[in-house]
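Take a look at the letters that make up each chain.
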Amino acid sequence: MEAARNTSDARLSVEQVSYAYTPNPAHSPIFTLEASSFQAKPGEIVAILGPNASGKSTLLKLISGALEPLSGRILLNGFVTHTLAPRTRAQRIAMVQQESPLLFPSRAWEFVLQGRHPYGKSLRFENEDDVIIAKNALAQVGAEHLSDRWMDQISGGEKQRVILARALAQQPLLLLLDEPTLHLDIGAQVDLLDSLRRLAAQNRYTVVVVTHELNLAAEYADQVVLLQKGKCLRVGPPASVYQRDLLEQVFQTPLTVEMGPSGRPRVNVEAHREGD
Amino acid sequence: MRPLTVSRLLGQCAILFAILFFVVLIALKLGAVPVSLYGLGRDLFRVLIGRSSEISSEYSLIIFNLRLPRIFLAIFVGASLSVAGCSFQALLRNPLADPYVLGVSSGAAVGAILALIGEPYLHLPPEVAALFTPVGAFLGALVTIVAVYYLGRRGGQIDSGTLLLGGIVTASFFSAIIMFLMTTLPSGNLRGMAFWLMGDLSTPPQPTVAWALRVGFLAAGFVIYATASDLNLLLAGEKEAMHLGVDVPRVRTVVYIAASLLTGLAVSVSGAIGYVGLLVPHVMRLIFGSDHRVLLPTAALAGAIAVVIADTLARTVVVPTELPVGAMTALAGAPLFLYLLRRGLT
């Protein structure tokens, strides 16, 4: 385990957070997340890794404030996230979810302007500042040219950029992403993560991303949180978490880990072959 | 990037308002007793300049005491149903949701009939007793939408098919209750009741009810319009809306109550008029887009236009008798609905 980090410069502080999902109060919980802790500074990218049903999305929902922890607390700049008013929370935390289908078509710029919603009263008309911020957000993800396109007529990678732009328009401190690279081809995945790393550095966002992509996480994350069956097994830089025995045990598959030239680990899966 | 401005919104509403005004003029002119447009304009002008005493009394009676109140009633009912339809569609994320389809109108009808049956036993003064029906209809509508909302939820998400089937089954269940309740009524009331159930604007509401309708419409309309930006985000789903700063439970509660009030008021004075809450928001969405800041006011105006036209046809096509206005909206609405359904709803 990593030595205790200096807490004073942490922006996000997840402290011994646990959760139990109990759809029927008469029965025992069907899923529990045991006490998990990690901290992240401005500009840092944290990847939450783990097999299916390990509690990745639950941890992300707890950080977003959508769920209230059973015990422990999550602090963002010293404030407990789940007690913030929805509007205040949306000014500080932006969530990029797996896209939900649109009921009625809207244009990309309309979609990005939704990110300005937390900054107004309930009925509002966007002002010039909102338009400038939305335009900047589109420019930051390289999607100005998509502004007038319909959301249901652009590619998956382009859509993911527009969704990211809406999150940027919220001008958050904390950017949360739930499997943002799902359904994207490898080029679009690298594009998206490159923009994320650049944005985190430029705008000092703290980024927390849930992903299944071990190698992309190793390449882009400053810290990795490894979960298995609701337990937080390891927290630390990829090089310290990516150990062959550990990953093989967590993902239940034979694999090898080697150090890449950049000092970041690389995972190779080994197919089960007869006679090997 | 062309964000909505207040002036563009007012321009769009002004066009519809002009159409509504024109439709009202035609509706005033048409009827069993023909009135010329010239005579109508002259009389309206006289009223405006405060010389209404110069108007011949029989005209005055027909235009100002019979046709105009009925048109105003049609305007309030149409706007209420249409705004309620928009609200349900946004909250339930379903373009097919409307008070009639979801069984909310039937629930309101049951509430109204129960109030009608119970009211004589309470020996209330007539002004208070008259308010009993709209209150019963409101409560009936509210109970129904809450029930249908929970029926339509599966695993924390609203399931479109379950929701609509739940609504249809609820509506047929309530129809059975209405049939049952109607057998307890004196037979003299039956034709009126049958007409009312099909949607009928021929019976003017009592003055207290008319006032309740106006105040209730303005209050509920204002409350719903104040959440227009939130409704835009709720279209993308409750979770997404929450992450964009919408206080989802508050908006949901407030809008369900307000939309139930609109439905209850409309049903208590006009019965169950179908298709208005479904089709009018839909057509407005095709024309003006799905931004609720535009959609709610334009749908209110267009709903008013639609019901005024439907009611004018209902009282003129089979002169000297009348059709229930609900039959008119269904005659026009059902084919239009099927056409839009085949064409793809969005």
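Residues numbered from 1 in each chain as written. Chains lettered and ligands numbered in written order. Predicted model: local features only at pLDDT ≥ 70, side-chain atom pairs only at ≥ 80, totals over all residues.

**Q** Teacher, can you tell me more about the overall build of chain A here?
**A** Within chain A, the secondary structure is distributed over 9 helices and 12 strands. Here the C-alpha radius of gyration of chain A, 19 Å, is about what a compact globule of 276 residues would show, namely 19 Å. Dimensions along the principal axes, computed over C-alpha positions, put chain A at roughly 65 × 45 × 40 Å. Residues counted as buried form 41% of the 276 residues belonging to chain A. (Helix = DSSP H or I, 4+ residues; strand = E, 2+ residues; numbered from the N terminus. Rg over C-alpha atoms; globule rule 2.2 N^0.38 Å. Buried ≥ 20, exposed ≤ 12 C-beta atoms within 10 Å, placed from the backbone.)

**Q** Looking at this structure, how should I read the overall build of chain B?
**A** Of regular secondary structure, chain B possesses 14 helices and 2 strands. Here chain B has a C-alpha radius of gyration of 20 Å; the compact-globule value for 346 residues is 20 Å, and the two agree. Dimensions of chain B, computed from C-alpha atoms along their principal axes, come out at roughly 65 × 55 × 40 Å. Expressed as a percentage of contacts within chain B between residues at least 6 apart in sequence, the contacts between residues at least 24 apart total 78%. (Contact = placed C-beta atoms within 7 Å.)

**Q** Where do I start with the interface of chain B and chain A in this structure?
**A** Of the residues lining the interface, 29 residues belong to chain B; the matching set on chain A comes to 27 residues. Among the residues making up the side of chain B that touches chain A, the classes are represented as 14 nonpolar, 8 polar and 7 charged. (Nonpolar A, V, L, I, M, F, W, Y, C, P; charged D, E, K, R; others polar.)

**Q** What exactly am I supposed to notice about the pairing of strand β4 (residues 71-76) of chain A here?
**A** Within a regular beta strand, the side chains point alternately toward one face of the sheet and then the other, so they alternate between its two faces. All names here are of chain A. Relative to β4, strand β1 (residues 12-21) is paired through 5 bridges, and the arrangement is antiparallel. Paired with S13 across the two strands is L75, which belongs to β4. Examined bridge by bridge, β4 and strand β5 (residues 79-80) share 2 bridges and lie antiparallel to one another. Looking at β5, one finds that L76 is bridged to F79. (Pairing = 2+ DSSP bridges.)

**Q** I would appreciate a short explanation of the nonpolar core in the present structure.
**A** Most often, soluble globular proteins have nonpolar side chains that are buried together. In this structure, V112 and L176 of chain A are the most contacted members of the largest nonpolar core, which totals 170 residues. If you tally residues by element for this core, the top one is helix α3 (residues 57-91) of chain B, at 15 residues. Aside from chain neighbours lying at most four places away, what touches L176 of chain A is L60, I63, S64, I93, A94, M95, V96 and V208 of chain A. (Core = buried A, V, L, I, M, F, W, Y, C linked by C-beta atoms within 7 Å.)

**Q** When you look at the packing of helix α13 (residues 292-316) of chain B against helix α14 (residues 325-343) of chain B in this model, what are you seeing that I'm missing?
**A** The relative placement of two packed helices comes down to the angle between their axes together with the axis-to-axis distance. Residue and element names in this part refer to chain B. Axis separation between α13 and α14 bottoms out at 8 Å; the angle between their running directions is 115°. Overall, the two elements α13 and α14 adopt an arrangement that is roughly perpendicular. α13 and α14 meet at a crossing whose hand is right-handed. Residues V307, A310, D311, L313 and A314 of α13 lie in contact with α14, whose contacting residues are V325, M328, T329 and A332. Among the residues forming the contact of α13 with α14, the class breakdown is 7 nonpolar, 1 polar and 1 charged. (Axes fitted to C-alpha atoms, helices over the stretch in contact; angles between N-to-C directions. Parallel < 35°, antiparallel > 145°, perpendicular 65-115°, else oblique. Left-handed = near helix turned anticlockwise from the far one by under 90°.)

**Q** Help me understand the pairing of strand β6 (residues 93-96) of chain A, please; the structure alone is not making it clear to me.
**A** Residues and elements named next belong to chain A. Side chains I93 and M95 of β6 all project onto a buried face; the interleaved residues A94 and V96 project onto the opposite face, where all are buried too. Pairing analysis gives 4 bridges linking β6 to strand β7 (residues 174-178), with the strands arranged parallel. Bridge pairing in β7 links A94 to L175.

**Q** Explain helix α6 (residues 186-203) of chain A here, please?
**A** The periodicity of an α-helix, 3.6 residues per turn, causes residues three or four places apart in sequence to face the same way. Residue and element names in this part refer to chain A. Taking 1.5 Å of rise per residue, the 18 residues of α6 would be expected to cover 26 Å, and the 25 Å separating its terminal C-alpha atoms lies within 8% of that figure. Of the positions making up α6, those classed as buried are L192, L193, L196 and L199. Taken end-on, α6 shows its buried residues confined to a sector of 125°, consistent with a single buried face. Turned more than 90 degrees off the buried face of α6, the exposed positions are I186, G187, R198 and Q202. A positive backbone phi angle near 60° is found at R204, which sits one or two residues after α6. (Expected span 1.5 Å × (residues − 1). Arc of directions from axis to C-beta.)

**Q** It is not clear to me how the confidence of the model for chain A should be interpreted in this structure. Could you clarify?
**A** Chain-level pLDDT for chain A is 88 on average; 94% of the residues reach the 70-or-more range. Per-residue pLDDT stays below 50 along residues 1-7 of chain A; that stretch engages in 7 contacts with residues further than four places along the chain or on separate chains. (pLDDT = per-residue confidence, 0-100.)

**Q** Hey, could you run me through the sheet that holds β1 of chain A in this one?
**A** Adjacent strands of a sheet form backbone hydrogen bonds with each other and so pair up, either parallel or antiparallel. Residue and element names in this part refer to chain A. The strand order across the open sheet formed by 4 strands is β2-β1-β4-β5, and the pairing between neighbours is antiparallel. The open sheet has two free edges, formed respectively by β2 (31-40) and β5, since each of these has just one partner strand. Of the strands in this sheet, β1, β2 and β4 are in contact with helix α1 (residues 56-64), which crosses β1 at around 120°.

**Q** What exactly am I supposed to notice about the confidence of the model for chain B here?
**A** When the pLDDT values of chain B are averaged, the result is 87; 99% of them are 70 or greater. Quick note on the complex model: pTM equals 0.88, ipTM equals 0.86.

**Q** What am I meant to see in the environment of G41 of chain B here?
**A** Mapped onto the elements, G41 of chain B comes out in helix α2 (residues 37-48). For the pair G41 of chain B and L25 of chain B, spaced 16 residues apart in the sequence, the C-alpha separation amounts to 8.6 Å.

**Q** Even after reading the chapter, I still don't get the packing of helix α5 (residues 126-151) of chain B against helix α6 (residues 160-183) of chain B, so can you show me in this structure?
**A** Residues and elements named next belong to chain B. One way to put it is that α5 packs onto α6 with a least axis distance of 8 Å and a crossing angle of 140°. The orientation of α5 with respect to α6, classified from their angle, is oblique. Crossing handedness for the pair α5 and α6: right-handed. Contact residues: α5 offers T144, A147, V148 and L151, while α6 offers T162, L163, G166, G167 and T170. The residue makeup of the contact of α5 with α6, split by class, is 4 nonpolar, 5 polar and no charged.

**Q** I tried to follow the sheet that holds strand β3 (residues 45-49) of chain A on my own but got confused; where do I start?
**A** Residues and elements named next belong to chain A. The 6 strands lie next to each other as β6-β7-β8-β3-β9-β10, forming an open sheet whose pairing is mixed. At either end of the open sheet lies a strand with only one pairing partner, and these are β6 and β10 (231-236). Across the sheet, the axes of successive neighbouring strands diverge by a mean angle of 15°, strand direction being ignored.

**Q** Is there a simple way to think about the environment of L142 of chain B in this case?
**A** Inspection of the secondary structure puts L142 of chain B in helix α5. In the structure, L142 of chain B is positioned 76 residues away from L218 of chain B in sequence and 18 Å away in space, judged by C-alpha atoms.

**Q** Help me out: how do you make sense of helix α8 (residues 207-226) of chain B in this one?
**A** Residue and element names in this part refer to chain B. Between its first and last C-alpha, α8 extends 29 Å over 20 residues, near the 28 Å set by a 1.5 Å rise per residue. Turning to α8, its buried residues number three or more, namely V209, A212, L213, G216, F217, A220, G221 and I224. The buried residues of α8 occupy one face: seen down the axis, they fall within an arc of 145°. Facing away from the buried side of α8 by more than 90 degrees, the exposed set consists of P207, W211, V215, L218 and F222. The inward-facing, buried residues of α8 abut α3, α5, α11 (248-270) and α13.

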